[in-house]
Amino acid sequence: MRNVGIIGIGYTPVFVSKRKDVSIVEMISEAVDAGLKNTGLAPEDIDAYVFGNMATFEGVNMPHLWATEHMHARGKPIMRFATGGTIGMAAFHGAYYHVASGMADIAMAVTYEKHSEGDAQVGLMGIITPELMAMLSAGIDVTGQSGMGAIGGGSAGGISFQASSYLHRSGAGIEHIDAIAAMERRNAAKNPYAHLKDPEATAEKIAQTPMVSWPIRFGHICPTTDGATVCILASEEKAAKIADKVAWVLGVANCASDATTANLIDSQITDPAEQLPAIMASKKACERAGIEDPKKEIDYVEIYNGFAHQTLMYLEKVGMCEVGEAHKLLEAGELEMNGRCPVNASGGVVSTNSIGTSALNRVTECALQIMGQAGEHQVEKEVHKAMAHGWGGLMQYCTITILGDKPKKL
Amino acid sequence: MEETKVVTGAWELSTFKFNIEGRGLQLMLKHMKDRKLMGIKCHQCGTVYLPGPFYCRKCHIRIDEPAEVSDHGQVMTFTIGYADVRGNPLDEPRIAPIVKLDGCDSWIMGVMQGCAPEDVHVGMRVKVHWAEETTGSLQDMQYFVPE
Amino acid sequence: MEKKVAIAGFRIAAAPDLETTRERLVFDLSKGLLDDLGITRDAVDNFVFCSNDFMDGRTISHVFIGPAAGGYMKDQTKVEMDGLNAMIYASMGIISGQYDVTMVVALSLTGSQASPYLYTDYSLDPTYDRQLKLLNELSAAALEARSYLTAGGYPEELLDVVAAQDLKNAAANPGQARRIDGVSRERIKGSPYYYEPLRELHCYPPTDGGCAMLLVSEKKAKELTDKPVWLLGMGRSTDIYYLGDRDLSTSLSAAQAAERAYAMAGIKDPASELDLAEIMSLFAHQEPLLAEAMGLLEKGKAAAAYEAGDTAVEGRMPINPSGGPLGAHPICATGLIRAAEAARQLRGEAGENQVKKAGVALAHGQDGVCAQQSAVVILGT
Ligand SMILES: [Zn+2]
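From a predicted model like this one, the values you see are computed outputs, not experimental measurements.

Peer 1: Can you help me understand the overall build of chain B in this one?
Peer 2: If you tally the helices and strands in chain B, you get one helix and 10 strands. Helices (α) and strands (β) of chain B occur, in sequence order from the N terminus, as α-β-β-β-β-β-β-β-β-β-β. The buried share among the 147 residues of chain B stands at 49%.

Peer 1: Help me out: how do you make sense of the coordination of the zinc ion in this one?
Peer 2: Four donors placed tetrahedrally about a metal ideally form angles of 109.5 degrees, and six donors placed octahedrally ideally form angles of 90 or 180 degrees. All names here are of chain B. Donor atoms from the polypeptide that coordinate the zinc ion comprise Cys42 (SG), Cys45 (SG), Cys56 (SG) and Cys59 (SG), at 2.3 Å from the metal. With four donor atoms in place around the zinc ion and angles of 104 to 115° between them, the coordination shape is tetrahedral. The motif formed by the donor residues of the zinc ion, counted along the single chain, is C-x2-C-x10-C-x2-C.

Peer 1: In this structure, what is going on with the nonpolar core? I would like to understand it.
Peer 2: For soluble globular proteins, the rule of thumb is that nonpolar side chains tend to be buried together. Among the nonpolar cores identified, the biggest contains 200 residues, and Ile6, Met71, Leu335 and Ile402 of chain A together with Met87 and Leu379 of chain C are the most heavily contacted of them. Examining the composition of this core, we find that 10 residues originate from one element, helix α4 (residues 87-100) of chain A, more than from any other. Ranked by size, the runner-up nonpolar core spans 82 residues in total, among them Phe54 of chain B together with Ile188, Leu201 and Leu282 of chain C.

Peer 1: Sorry if this is basic, but what is going on with the pairing of strand β7 (residues 208-217) of chain C here?
Peer 2: For a regular strand, side chains alternate in direction, first toward one face of the sheet and then toward the other. All names here are of chain C. For β7, a buried count of 10 out of 10 residues is recorded, marking the element as mostly surrounded by other parts of the structure. Sheet topology places strand β1 (residues 5-15) next to β7; 10 bridges connect them, and they run antiparallel. For Ala13, the partnering residue across the bridge sits in β7 and is Gly210. Pairing of strand β4 (residues 101-109) with β7 involves nine bridges; the strand directions are antiparallel. Residue pairing across strands places Val101 opposite Val216, the latter belonging to β7.

Peer 1: Just checking my understanding: could you explain the interface of chain A and chain C for this structure?
Peer 2: For interface size, the figure often reported is the accessible area lost on association. On the chain C side, the residues contacting the 60 residues of chain A number 58 residues. Buried surface at the junction of chain A and chain C, both sides included, amounts to about 5,000 Å², of which 58% is carbon and sulfur. The largest per-residue losses of area from chain A upon contact with chain C belong to Asn61, Trp66 and Arg74 of chain A, which jointly make up 14% of the total buried on that side. Linking chain A with chain C are four salt bridges. Our count for the chain A to chain C interface comes out at 28 residue pairs in polar contact (both at pLDDT 80 or more). Contributing elements (two or more residues each) for the side of chain A that touches chain C: α2 (55-58), α3 (63-66), β3 (78-81), α4, α6 (129-137), β8 (247-256) and α11 (276-289) of chain A. Examining the composition of the side of chain A that touches chain C, we find that six residues originate from one element, α4 of chain A, more than from any other. Of the residues in the side of chain A that touches chain C, the class split is 31 nonpolar, 21 polar and eight charged.

Definitions and cut-offs
- Residues numbered from 1 in each chain as written.
- Chains lettered and ligands numbered in written order.
- Predicted model: local features only at pLDDT ≥ 70, side-chain atom pairs only at ≥ 80, totals over all residues.
- Heavy atoms only, no water.
- Helix = DSSP H or I, 4+ residues; strand = E, 2+ residues; numbered from the N terminus.
- Buried < 20%, exposed > 50% of the residue type's maximum accessible area, 1.4 Å probe, protein only.
- Donors = N, O, S within 2.8 Å, 3.2 Å for Na, K, Ca; no water.
- Tetrahedral: all angles 85-135°; square planar, octahedral: opposite > 155°, others 65-115°.
- Core = buried A, V, L, I, M, F, W, Y, C linked by side-chain atoms within 4.5 Å.
- Pairing = 2+ DSSP bridges.
- Contact = heavy atoms within 4.5 Å.
- Buried area = accessible area lost by both parts, 1.4 Å probe.
- Salt bridge = Lys/Arg side-chain N within 4 Å of Asp/Glu carboxyl O.
- Polar contact = N/O pair within 3.5 Å; in protein donor to acceptor, adjacent residues only side chain to side chain.
- Nonpolar A, V, L, I, M, F, W, Y, C, P; charged D, E, K, R; others polar.

The following block contains the structure:
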């Protein structure tokens, strides 16, 4: 295994609801060009591209084909991944293995989502279309009034079951979800690449937003965002020649169980708040990174939180604190940018969700903190090691990446 | 800002013809006519699934042993819906629990009546309220009520 | 390249209609493969899936197939393009030293559940090509066929010659979906035009199918199989999207992908060093076109080579002895099946279609309109 480091990042100039001024491929090229500019690389320097987004959301199959010239990738290998919400990190892992295996010295992970050109709700329902059709023929009532298997959760669907289970099992209250949502919207206000920003956000303000599906309020839910992100990875040898600052990849892992709350035909078997895959993926990534206790050794965490309770829930799952402890850390202010366990200084996914990029942005934000380049949202403590997390699919799939300021001893 | 031209497109699901597993669901529907819940048990690890899949996820083997499960169970988690999938408010809040039926390892989703939203809690005992007349449809199990 | 990754085993399924579900197909392929090798899912440490949300008709379509493949609580990912790329990605994980045993599973049910042509329809530029409604997979292939025939000075009958050879091989391969007894050039020439010059039997058949393959490290190869097939080289490349900006009489992506794979495998003269090639030619003209681009046939001499029997099972440069994608094209699995069929030859298990001295083989996979992307692997005993 050879060492691989992140040598550069490229974001679209903004992450907003609607980019009406560019097409999908033009938006992708903005991020690619930003990545090249930030690293001083030319397109010829990129050996391989790795690509990811949620293709069904915009209705463009294999969008990397259309975007080839916009990524300057003619004559280059492109590999495309598709894993749902985790896709950004799956693409990052893809680029990592390109370099770790020696198949490329410099690889670029390219991700995007242009939600304004598609329909995310229809896209999400599409996960279970065939099952839903079968349940319809067996007498299910889609309005959710009666019958077994009815999806009573409404727009926040399975997620509200997860939040409810998490609250019960951790001892946290809905007020903690309000508070973490407020913290992240305040953090987002300091991040130029965040979407929903509110420097004045408070738990009380979030508590006033309408209840969608108990315990999920409108203020706990991510927006749909247009944006693209690229991340450039290089071998140790190349990184030494090109970059002043490098965030080294210490360990990557992922893990999947089975669909938790929507496997209507074959029955659902797991507690959506149990999240064994997150526990397992973190364990494997730590092992690969040579980390014994993430609580002591990890300085900064980026959690993929499409819904605000997930910041707290996953902090416990990935081993950053004990079960039932995350909301206490929140109360003590330890999760803030000046706290002992800072998390999502970027504002998290709950503030910005261009899905294809969301799990990659967790990695790039960890990298920026390690490189000391996060600007206004740089956390107070020194960041030597950081953990990025992603979840996707039907709450059954988790990915983890651990970064450090020094390469791994081989 | 210069506005771009907008063109439309659709992803037509009507062009698909899906084959999906039906055995476990059919088995369950058949017995629901008699107000019984029939799942499938893994002969290796003993896990009982309702409706039963054709294989055990943990053991990676085919399974086909029918196993009856109770129509009583426990609320494992729940939500109270206030809006539909498009975010439009509902006429009245809707209680949706996920229930672990006695004798079954998998959980089942449904709706609940006969209980105020503020009284629902994890761990609560519930039972299936069957339809007056059962026909072998998912509508036979109408909703959960407190035990 | 050193011998670091081996194919320990594979399973292939293909039919016009497998009358199965995605989950059952995945279960049967993966469980069958594990049974073949006398191991269980416990021995596998990584799973790479390959399917397409548009062809599966659902978002994040791998959610339900993970456990069916035995991947419950294991490392998993999904490559959403042709399956040869999934194999290449799985190999990277092993070469890097992270994994020892990786299961690759690729599939689609585009024979019975959805039209395979949607795959291309949905991948067209939605702001231009999709609005114009002129371009589709077949019309694009016809443009490519015409360009190739014209540039090479070949008669339209070359398509019949190529298809006849492939369909003859396919008829003798139980793993194929389209098996026509006693197929002749006349019968092919008598099949209806789809887009001139392409006729029905010049084009792949809509297919249900899949392929599971177990890739292992050198250490594990010794434990699991007496007949390891080694990965000697791999390469990939991409051409530009717009057809007007490409030379359709050849394939830039295949030429570059092959060049990179040859360099890695230390192959200098592919036409003489390779014993056979499995090429993902979805239409009859693509087989000689891609073979020329990859240096397997001399440019402009393809018709003569086919007529002389050079490309037949017993010829000098056997191409698609399995029958190739004219026999079956389960989208996402087709390129992976090429590698599996090449491995079958190298193991000496190809039955009637066995090539006599099979020591080194090439497998090719493609994505996009007119092979915008190509992937090539070199396999050897
Ligand atoms: Zn079992």
